[in-house]
Amino acid sequence: MDTKDLRIIFIGAGNIAQSMAKGLLNCSYVKCEQILAYAPSDRNLKTFQNFGCHTTQNLHQIFFDSQSSDVHYLLFICVKPNIGKDFGFWSSLKDKVQPNQWDKIFIVSVMAGVSLQTIENYLSPSLKHNLARIMPNTAMAINAGTIGLYWKPWNLTQKLWSEKLPELLNKLGKCQQVDNEEQIHSIIGVAGSGIAFIYTVIQAMCDGGVSVGLSRQMSRELVTQTVMGAAKMVTETGMNPIELRDHVCSPAGTTIAGVEMLEQGGINATIINAVKKSTERSRELSK
Ligand SMILES: NC(=O)C1=CN([C@@H]2O[C@H](COP(=O)(O)OP(=O)(O)OC[C@H]3O[C@@H](n4cnc5c(N)ncnc54)[C@H](OP(=O)(O)O)[C@@H]3O)[C@@H](O)[C@H]2O)C=CC1
Ligand SMILES: O=C(O)[C@@H]1CCC=N1
């Protein structure tokens, strides 16, 4: 399939759908006319209209450009988990698929806490093989997302999508394919939700900078550059973060004095527990 024949449909137009659409448009992977967003209200659709994308509040209109036989649809399900577990949601979506469209549609669930099995139970046999699950984070908006991808082994036989979907996701950041759906819970802990933990650390460091006399703006610039530098050092040197930390800590110096405070505050355990709690919450939502 040529990328120009791809139509991307967001069911749900909120934070995560907007992050994906922004990322796809930034890198010109698709044109705005190839994207449609559906939501029940116009609250979020205005953002998509500003991007130049199609929008609709009418589910009957989601399969646009259907007169062209080459067109294929990638549906990203970007609704809250309680909606994604609702039989009525899936049956009203299924009703809109024409019989000749089944093999042209691929469904990607972005939802936390909704297993592929749950979705399969709601889909007809023709659609349930065209199904995958991703766990991204909002940094897709600047093509720096972290995305976990899982699909069941039989979907890998669908060469068209097994190539196209990772290609698209890698435009939005780095996509890691996992072979066990359980790992999606863990990816939520470190990436989907994990990005919010890093924002918390950044905010605290900025507050620290202000506390020692820097302006808010200067503190933020220094902290964000430091965080980016640290992430790049880990990825580009391939060194263990503790080894890199050792290179900063002089005996009886300033860094070890600060590290001692972090340890006293239980930073390691706190962060590990945050990742574990998000992961557990994801499992809990899936029940
Ligand atoms: N936010 C994040 O960082 C991440 C979110 N996710 C997952 O993505 C999903 C969406 O999250 P997020 O974007 O934050 O949520 P938002 O609340 O920002 O967006 C939800 C969207 O769903 C729409 N919606 C509500 N009811 C329906 C319905 N019956 N049919 C179709 N659309 C409906 C809303 O419509 P309206 O605009 O009218 O209110 C809104 O556009 C969740 O399942 C979450 O787990 C996954 C990874 C990261
Ligand atoms: O907080 C949540 O439930 C969603 C899923 C991952 C990130 N945000």
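Residues numbered from 1 in each chain as written. Chains lettered and ligands numbered in written order. Predicted model: local features only at pLDDT ≥ 70, side-chain atom pairs only at ≥ 80, totals over all residues. Heavy atoms only, no water.

As annotated in an unreviewed UniProt entry, the chain carries the name Pyrroline-5-carboxylate reductase and is attributed to Dermatophagoides farinae. UniProt annotates the chain under Subunit (unreviewed entry) with the comment "Homodecamer; composed of 5 homodimers." As recorded by UniProt, the Pathway (unreviewed entry) comment attached to the chain reads in full: "Amino-acid biosynthesis; L-proline biosynthesis; L-proline from L-glutamate 5-semialdehyde: step 1/1." (UniProt positions renumbered as here; feature names shortened; annotations may be inferred.)

(A) Highlighting the packing of aromatic side chains. Enumeration according to the criterion identifies 8 aromatic pairs in this entry. Within the aromatic cluster, the residues linked to one another by ring pairs are Phe-10, Phe-48, Phe-51 and Phe-76. (Phe/Tyr/Trp six-rings, centres within 6.5 Å; stacked < 30°, edge-to-face > 60°.)

(B) Up close: the site of ligand 1. In the region of ligand 1, 24 residues are neighbours, and Ala-13, Ser-41, Arg-43, Asn-44 and Val-79 sit closest. Contact distances for ligand 1 include 3.3 Å between an oxygen atom and a backbone N or O atom of Gly-14. Asn-44 has a polar side-chain atom sitting 2.8 Å from an oxygen atom of ligand 1. Burial of ligand 1 by the surrounding chains reaches 80%, relative to a free accessible area of 900 Å². (Near = heavy atom within 4 Å. Polar contact = N/O pair within 3.5 Å; in protein donor to acceptor, adjacent residues only side chain to side chain. Areas by Shrake-Rupley, 256 points an atom, 1.4 Å probe, with all protein chains shown as cover.)

(C) Broad picture of the domain arrangement of the chain. What the domain assignment lists for the chain is domain 1 (3-180) and domain 2 (194-285). Each of domain 1 and domain 2 has a C-alpha centre, and the two are 34 Å apart. Tallying the contact residues gives 5 residues for domain 1 and 4 residues for domain 2. Carbon and sulfur atoms make up 56% of the area that domain 1 and domain 2 hide from each other, which totals about 380 Å². Scanning the region where domain 1 abuts domain 2 turns up 1 residue pair in polar contact (both at pLDDT 80 or more). (Domains from an automatic or database assignment. Contact = heavy atoms within 4.5 Å. Buried area = accessible area lost by both parts, 1.4 Å probe.)

(D) Structural view of the site of ligand 2. Inspection of the region around ligand 2 gives Ala-112, Gly-192 and Ser-193 as its neighbouring residues. Look at ligand 2: alone it shows 240 Å² of surface, and the protein chains cover 43% of it.

(E) Representation of the nonpolar core. Ranked by size, the top nonpolar core spans 35 residues in total, and within it Ile-9, Ile-11, Ile-62, Leu-75, Ile-77, Trp-90 and Ile-107 carry the most contacts. Every element with two or more residues in this core is listed here: β1 (6-11), β2 (35-38), β4 (72-77), α4 (87-94), β5 (105-109), α5 (116-122), β6 (131-135) and α8 (182-192). By residue number, the principal contributor to this core is α8, which donates 4 residues. In this view, Ile-9 contacts Leu-36, Ile-62, Phe-63, Phe-64, Tyr-73, Leu-74, Leu-75 and Phe-76; residues no more than four positions away in its chain are not counted. Ile-8, Phe-10, Phe-48 and Phe-76 belong to the second largest nonpolar core, which has 34 residues in total. (Core = buried A, V, L, I, M, F, W, Y, C linked by side-chain atoms within 4.5 Å. Buried < 20%, exposed > 50% of the residue type's maximum accessible area, 1.4 Å probe, protein only. Helix = DSSP H or I, 4+ residues; strand = E, 2+ residues; numbered from the N terminus.)

(F) View of the sheet that holds β2. Read from one edge of the open sheet, 8 strands run β3-β2-β1-β4-β5-β6-β7-β8, paired in mixed fashion. This sheet does not close on itself; its edge strands, each paired only once, are β3 (54-56) and β8 (173-177). The mean angle between the axes of side-by-side strands here comes to 25 degrees, regardless of whether they run parallel or antiparallel. Judged from the 4 bridges that link them, β1 and β2 form a sheet pairing that is parallel. Counted as the bridge partner of Ile-9 is Leu-36 from β2. With respect to the sheet, α4 is in contact with β1, β4 and β5, its orientation differing from that of β4 by roughly 165 degrees. (Pairing = 2+ DSSP bridges. Axes fitted to C-alpha atoms, helices over the stretch in contact; angles between N-to-C directions.)

(G) How the structure looks around helix α7 (residues 159-171). Here α7 is 13 residues long and its end C-alpha atoms lie 19 Å apart, about the 18 Å a rise of 1.5 Å per residue gives. Listed in full, the buried residues belonging to α7 are Trp-161, Ser-162, Lys-164, Leu-165, Pro-166, Leu-168 and Leu-169. Two residues or fewer after α7 comes Gly-173, characterised by a positive phi angle close to 150 degrees. (Expected span 1.5 Å × (residues − 1).)

(H) The environment of Phe-197, seen in detail. Tracing the chain through its elements places Phe-197 in helix α9 (residues 194-211). Its relative accessible area of 24% is what places Phe-197 among the partly exposed residues. For the pair Phe-197 and Tyr-122, spaced 75 residues apart in sequence, the C-alpha separation works out to 34 Å. If we ignore the near neighbours within four places in the chain, the residues touching Phe-197 are Gly-189, Ala-274, Val-275 and Ser-278.

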